[in-house]
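# Coordinates in review
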There are 2 protein chains.
Amino acid sequence: MTQTRFALWGDLIWSQTPARLNILPGYCVVVEDGQVASVEARPPEDGTPVHDCRGKLIIPGMTDLHLHAPQYTYRGTGMDLELLDWLAQNAFPEEARYADPDYARRAYRIFVDDLKRSPTTRACVFATVHADASLELARQLEESGLICYVGKVNMDRDSPDDLREAGPEESERETRRFLTGMEGFQRIKPILTPRFVPSCSDGCMERLGALQREFGLPVQSHLSENQGEIALVAQLCPDTAFYGQAYDKWGLFGGGAPTIMAHCVYSGAEEQALMQERGVFIAHCPQSNTNIASGIAPVRRYLDRGLRLGLGTDVAGGAHLSLFRAVTDAIQVSKLYWRLVDQDCRPLTMPEAFWMATRGGGAFFGRVGAFEPGYAFDALVLDDSALPTPRPLEPAARLERLLYLADERQIAAKYVAGTQIDI
Amino acid sequence: MTQTRFALWGDLIWSQTPARLNILPGYCVVVEDGQVASVEARPPEDGTPVHDCRGKLIIPGMTDLHLHAPQYTYRGTGMDLELLDWLAQNAFPEEARYADPDYARRAYRIFVDDLKRSPTTRACVFATVHADASLELARQLEESGLICYVGKVNMDRDSPDDLREAGPEESERETRRFLTGMEGFQRIKPILTPRFVPSCSDGCMERLGALQREFGLPVQSHLSENQGEIALVAQLCPDTAFYGQAYDKWGLFGGGAPTIMAHCVYSGAEEQALMQERGVFIAHCPQSNTNIASGIAPVRRYLDRGLRLGLGTDVAGGAHLSLFRAVTDAIQVSKLYWRLVDQDCRPLTMPEAFWMATRGGGAFFGRVGAFEPGYAFDALVLDDSALPTPRPLEPAARLERLLYLADERQIAAKYVAGTQIDI
């Protein structure tokens, strides 16, 4: 259903700031040309079609800043392994299968169908090293109605033979082929995706930096996830003072290139300062950091410092595709960080983690994640009637409960940039 | 459906030891008079009815060693609060409503219906201080076909006026009234339930100890959940060297009284030794300990030491009723404990956490939690066909994936002591 102007009538909740929810029960959000036009206390009487969602919550759609589409179908397996073993035994052998277009088509179909039904309206997605499979993923996502960045992965060193590109030339050539194939897409855009520093030679990084400037592309990668990884990067890049510089020296760390760095579990003061200076988005992936035993990122510090920040499910380091789960995972690990690591680092509150999933991560896509005029209308209509209570709950408690308990069955409708998605 | 002898045919998995899964794809478990009679490589040819569950996993039912039924309908709310604030603002006001029999009936109906559909086949349940509401819960559980212990809670000090019993006499009288009401139940049995030491006067504890000996009752309570709580107990009971002694001195800490202590996040060496000596069961409640910011229990130590150990959802300190979730929560927090607190304390593996949910906790009920001759036939038949993969998975990976991802929709059938439950 595409209407140029319509309204949704229900219990509106969105983040005004990280600390503050706007809660407007029984209000209308009026949508025009895919954007929020206004929020009104009463349904418009000018003939605008009104969709009656009274009794349901209407919240902004959620942005997943970091996930690996090819790992989706094997989520929740091999979780007793730590990062490097998990990559070697689980992630890499699976990703190698995407050289087969038929396998990629079948596996990505499972992923895209589930992503459509999830709370995610926008996502920044790692594919694999294969240009053709990455284009297949982009085609399926384009049809889904979701808005995403998709990255063909670059990796030309320290990787299994059947996943490693032969060198910088091949990596650039395949990336250009991917970029050419991405022309003409409406909702899905390409993003440069060096896997992480250990997997990319200097030559590869140099060419990706040049591609970034040639096409003005955004960038996504991994940063400071694990102590072993950080030590390896320091050894591979002796001219850098910290991990982030190993991207920055190639122009792949924000500034001109809108950039997402996943994890940042162990980012020190200098790295944080450079992320702030360059406007780098941190994709906080609490469940993955737990499952692969990386640790807990000090997100409270990043939030209080005003760093750009959103949530990632990091499927399949994270086993769950749902950003509802990521919101509550973020709250939960922040409590353990506070209790076990640093009692000056207060736990995240529900409104703060909700902000990260909506407005925080949404900002990577522009004016996304709030019901304010000029914002893209990404929304979830949530029906909590299958979660009965013996007495009524206030909207904020209903939202909190849904974040902890809901799955796709509670999503009654989903809109992306004003278009209703077929879930 | 009640048959005296039948067989289930499918992919059997159960724990032989904490470290070792028995995996028998395409086997039959033969059930007679509610117990496992044998496990066979082929369906019996003696006329025994065979239920064909090929392609599905058949695992033991799960035991929830600790949860609060009256908190269920408000799970997932107020989770930004710490233990004492959460009790005061969330748990206690809700429990006070169970003085109203109609409220109790409606609220417990929601709980029992969901528990039936959950992976739980047996549970040890806290009700409230109200004898009548506790009997209502027991009646609804009895009809469900599940096997449970239900405890009317005792609390006569340091509690809100509308929940506090007037003193030891009232506490004993109401407990006797509850015990009388429980006569004649088949599947639901009473368990003595002093809320925790701070809520029970010495006089109350003394009378509960006497009731324990008079009726040979089992006991459940809370232990060493939170540092503030431990300090309070030390102050209230200056004659004790550690928290567990405050139960033990009244005969409420194992030995003759089969006992469950929930949490044990901060149990020291002496407390652990006494639990071992007395055969006390530890109910590990990883999500609750996270949500209420208590910390992480060193479960690896308890397991390696051979302490009796199972899992609790601790609804509503835990927001989730599913023991699948508790299994993966236990694994996840053990990884963070290992990474952040004690690198000598290896993370729990999936088989170990699965063991805790089945055989570990099941032992509180006797021979429960395994498919071995003489064990009660508690089982879940799991259908993972709605979680497709582009290539087949081995049974152990299917089990792991279900533990991370499944909800009640994947439970195709459920048996308790040989009787199929209407889910």
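All values derive from a computational prediction rather than experimental measurement. (Residues numbered from 1 in each chain as written. Chains lettered and ligands numbered in written order. Predicted model: local features only at pLDDT ≥ 70, side-chain atom pairs only at ≥ 80, totals over all residues. Heavy atoms only, no water.)

### Notes on the overall build of chain A
The test is simple: To qualify as a helix, a DSSP run of H or I must reach at least 4 residues; to qualify as a strand, a run of E must reach at least 2; elements of each kind are numbered from the N terminus. All radius of gyration figures rest on C-alpha atoms, and the globule criterion is 2.2 Å times the number of residues raised to 0.38. Exposed residues in this analysis have more than 50% of their type's maximum accessible area, buried residues have under 20%, and partly exposed residues fall in between, with area computed by a 1.4 Å probe over protein chains only. Any two residues whose heavy atoms approach within 4.5 Å at even a single point are treated as in contact. Computed with the Shrake-Rupley method and a 1.4 Å probe, the accessible areas treat only the protein chains shown as cover for residues. His is not counted here, nor are the chain ends, while Lys and Arg score as positive and Asp and Glu score as negative. Charged side chains are reduced to one point each, which is NZ for Lys, CZ for Arg, CG for Asp and CD for Glu.
What chain A contains, in helices and strands, is 13 helices and 17 strands. The C-alpha atoms of chain A give 21 Å as radius of gyration, which agrees with the globular expectation for 423 residues (22 Å, within 12%). Expressed as a percentage of its 423 residues, the buried residues of chain A come to 66%. At a minimum sequence separation of 6, the contacts of chain A that also span at least 24 residues come to 75%. As displayed, chain A offers around 13900 Å² of accessible surface, 47% of which is attributable to carbon and sulfur atoms. Positive and negative side-chain charges of chain A, numbering 42 and 56 respectively, have mean locations separated by a distance of 4 Å.

### Digging into the relation of the copies chain A and chain B
Note the following rule: The fit set for superposing copies consists of C-alpha atoms from residues with pLDDT of at least 70 in both; the fit itself is least squares.
The two copies are related by a screw motion: chain A maps onto chain B through a turn of 180° and a shift of 0.0 Å along the axis, at an RMSD of 0.0 Å. Both chain copies can therefore be described as sitting about a two-fold axis. Identified as the residue of chain A closest to the rotation axis by C-alpha distance is leucine 340 of chain A, at 3.6 Å. The fraction of interface residues of chain A whose copies in chain B are also interface residues reaches 100%, indicating that both copies meet through the same surface.

### Section: the interface of chain A and chain B
Quick note on the threshold: Throughout, the accessible surface (probe 1.4 Å) given up by two parts as they are put together, summed over both, is called the buried area. The working definition used for a salt bridge is a side-chain nitrogen of Lys or Arg within 4 Å of a carboxyl oxygen of Asp or Glu. Counted as a polar contact is a pair of N or O atoms within 3.5 Å, where, for protein atoms, one must be capable of donating a hydrogen and the other of accepting one, and residues adjacent in sequence contribute only when both atoms are in side chains.
Contacts between chain A and chain B engage 55 residues on the former and 55 residues on the latter. Summed over both partners, the interface of chain A with chain B comes to about 4500 Å²; 54% of that surface belongs to carbon and sulfur atoms. Applying the counting criterion to the chain A and chain B interface returns 6 salt bridges. Measuring nitrogen to oxygen at the nearest pair gives 2.5 Å for the salt bridge that ties arginine 391 of chain A to glutamate 94 of chain B. Linking chain A with chain B are 31 residue pairs in polar contact (both at pLDDT 80 or more), by the criterion used here. No other element matches the 10 residues that helix α11 (residues 323-340) of chain A contributes to the side of chain A that touches chain B.

### Comments concerning the sheet that holds strand β14 (residues 308-311) of chain A
Residue and element names in this part refer to chain A. Just so we agree on the cut-off: Two strands qualify as a pair provided DSSP detects at least 2 bridges between them. Note on geometry: axes are C-alpha line fits, over the in-contact stretch for helices, and angles between N-to-C directions span 0 to 180 degrees.
As summarised here, the arrangement of the 4 strands in space is β11-β12-β13-β14, forming an open sheet in which the pairing is parallel. The two strands at the open ends of the sheet, each matched to only one other strand, are β11 (219-223) and β14. For this sheet, the mean inter-axis angle between neighbouring strands, taken without regard to orientation, is 30°. Judged from the 3 bridges that link them, strand β12 (residues 259-263) and strand β13 (residues 281-284) form a sheet pairing that is parallel. Counted as the bridge partner of isoleucine 260 is phenylalanine 281 from β13. Together, β13 and β14 form the strand contacts of helix α12 (residues 350-362), whose direction differs from that of β14 by roughly 110°.

### Topic: unusual backbone geometry
Between valine 315 of chain A and the following residue, alanine 316 of chain A, the backbone shows a cis peptide bond with an omega angle of 10°. With respect to the helices and strands, the residue alanine 316 of chain A is situated in the loop between β14 and α11. One non-glycine residue, aspartate 158 of chain A, lies in positive phi territory at about 50°. Note that aspartate 158 of chain A resides in the loop between β8 (153-154) and α4 (168-181). Here aspartate 33 of chain B, not a glycine, exhibits a phi torsion of approximately 50°, which is positive.

### Comments concerning helix α3 (residues 131-144) of chain A
All names here are of chain A. Our working definition: The span you would expect from a helix comes to 1.5 Å times its residue count less one.
With 14 residues, α3 ought to run about 20 Å at 1.5 Å a step, and its terminal C-alpha atoms sit 20 Å apart, in line with that. All of the buried residues in α3 are Ala131, Ala133, Ser134, Leu135, Glu136, Leu137, Ala138, Gln140, Leu141, Glu142 and Ser144. In this structure, the buried residues of α3 make contact with α2 (101-117), β6 (120-126), β7 (147-151), α4 and β9 (188-190). In the stretch just after α3, glycine 145 is the one whose phi turns positive, near 90°.

### Some words on the pairing of strand β3 (residues 35-40) of chain B
All names here are of chain B. Relative to β3, strand β2 (residues 20-32) runs antiparallel, the two being bridged by 5 bridges. For glutamate 32, the partnering residue across the bridge sits in β3 and is glutamine 35. Once β2 ends, the chain turns through 2 residues before running back antiparallel as β3, passing aspartate 33 with a positive phi of about 50°.

### A closer look at the pairing of β13 of chain A
Residues and elements named next belong to chain A. The following threshold applies: For the handedness criterion, the strands are oriented away from the viewer, and a crossover whose path from the first strand over the helix to the second runs clockwise is classed as right-handed.
Burial of the side chains of β13 extends over both faces: Phe281 and Ala283 are buried on one face and Ile282 and His284 on the other. Once you follow β12 into helix α8 (residues 269-278) and on to β13, the crossover reads as right-handed. As defined by bridge partners, β13 adjoins β14 across 4 bridges and the pair is classed as parallel. When the bridges of β14 are listed, histidine 284 appears paired with leucine 311.

### Considering the layout of surface pockets
In plain terms, the rule: Throughout, the protein atoms alone are placed on a 1 Å grid, and a set of points is a cavity if a 1.4 Å probe fits but cannot get out or a pocket if it is open with protein on both sides within 12 Å along at least five of seven lines; lining residues have an atom within 4 Å of a point. Grid points are joined across faces, edges and corners, and a volume is the space filled by probe spheres set on the points. Here the nonpolar group is Ala, Val, Leu, Ile, Met, Phe, Trp, Tyr, Cys and Pro; Asp, Glu, Lys and Arg are the charged ones; every other residue, Gly included, is treated as polar.
Of the volumes computed, that of the largest pocket is approximately 1400 Å³. Lining the largest pocket we find 49 residues, and of these Asp407 and Arg409 of chain A together with Leu405, Asp407 and Arg409 of chain B sit closest to its centre. Sorting the residues of the lining of the largest pocket by element identifies α2, α11 and α13 (395-405) of chain A together with α2 (101-117), α11 (323-340) and α13 (395-405) of chain B as the ones contributing at least two each. Its residues assigned to classes, the lining of the largest pocket shows 24 nonpolar, 10 polar and 15 charged.

### Comments concerning the side chain of threonine 358 of chain A
Topologically, threonine 358 of chain A is positioned in helix α12. With residues up to four places along the chain from it excluded, the contact list for threonine 358 of chain A reads Ser15, Pro60, Gly61, Met62, Val368 and Gly369 of chain A.

### Points about the pattern of salt bridges
Scanning all chains against the criterion turns up 70 salt bridges over all chains. A salt bridge links arginine 177 of chain A to aspartate 132 of chain A; the nearest nitrogen and oxygen atoms lie 2.8 Å apart. Pair noted here: arginine 177 of chain A is in helix α4 and aspartate 132 of chain A is in helix α3, with a separation of 45 residues, a long-range link. Of the residues examined, arginine 177 of chain A reaches a relative accessible area of 36% and is grouped as partly exposed. Accessibility expressed as a relative area gives 45% for aspartate 132 of chain A, which makes it partly exposed. We note a salt bridge from aspartate 407 of chain A to arginine 409 of chain A, for which the minimum N-O separation is 2.6 Å. By relative accessible area, which is 38% here, arginine 409 of chain A ends up partly exposed. Among the charged side chains, a network of salt bridges with common partners joins Asp407, Glu408 and Arg409 of chain A together with Asp407, Glu408 and Arg409 of chain B.

### With respect to helix α1 (residues 83-96) of chain A
Residues spaced three or four apart along an α-helix point in a common direction, a consequence of the helix completing one turn every 3.6 residues. Residue and element names in this part refer to chain A. For clarity, the threshold we go by: The reported bend at a residue is simply the angle between two axes, fitted to the 7 residues ending at it and to the 7 residues beginning with it.
Maximum bend of α1: about 30°, positioned at asparagine 90, with proline proline 93 one to four residues after it. Every buried residue of α1 is accounted for by Leu83, Trp86, Leu87, Asn90, Ala91, Phe92, Glu94, Glu95 and Ala96. Check the buried side of α1 and you find it contacts β5 (62-68) and α2.

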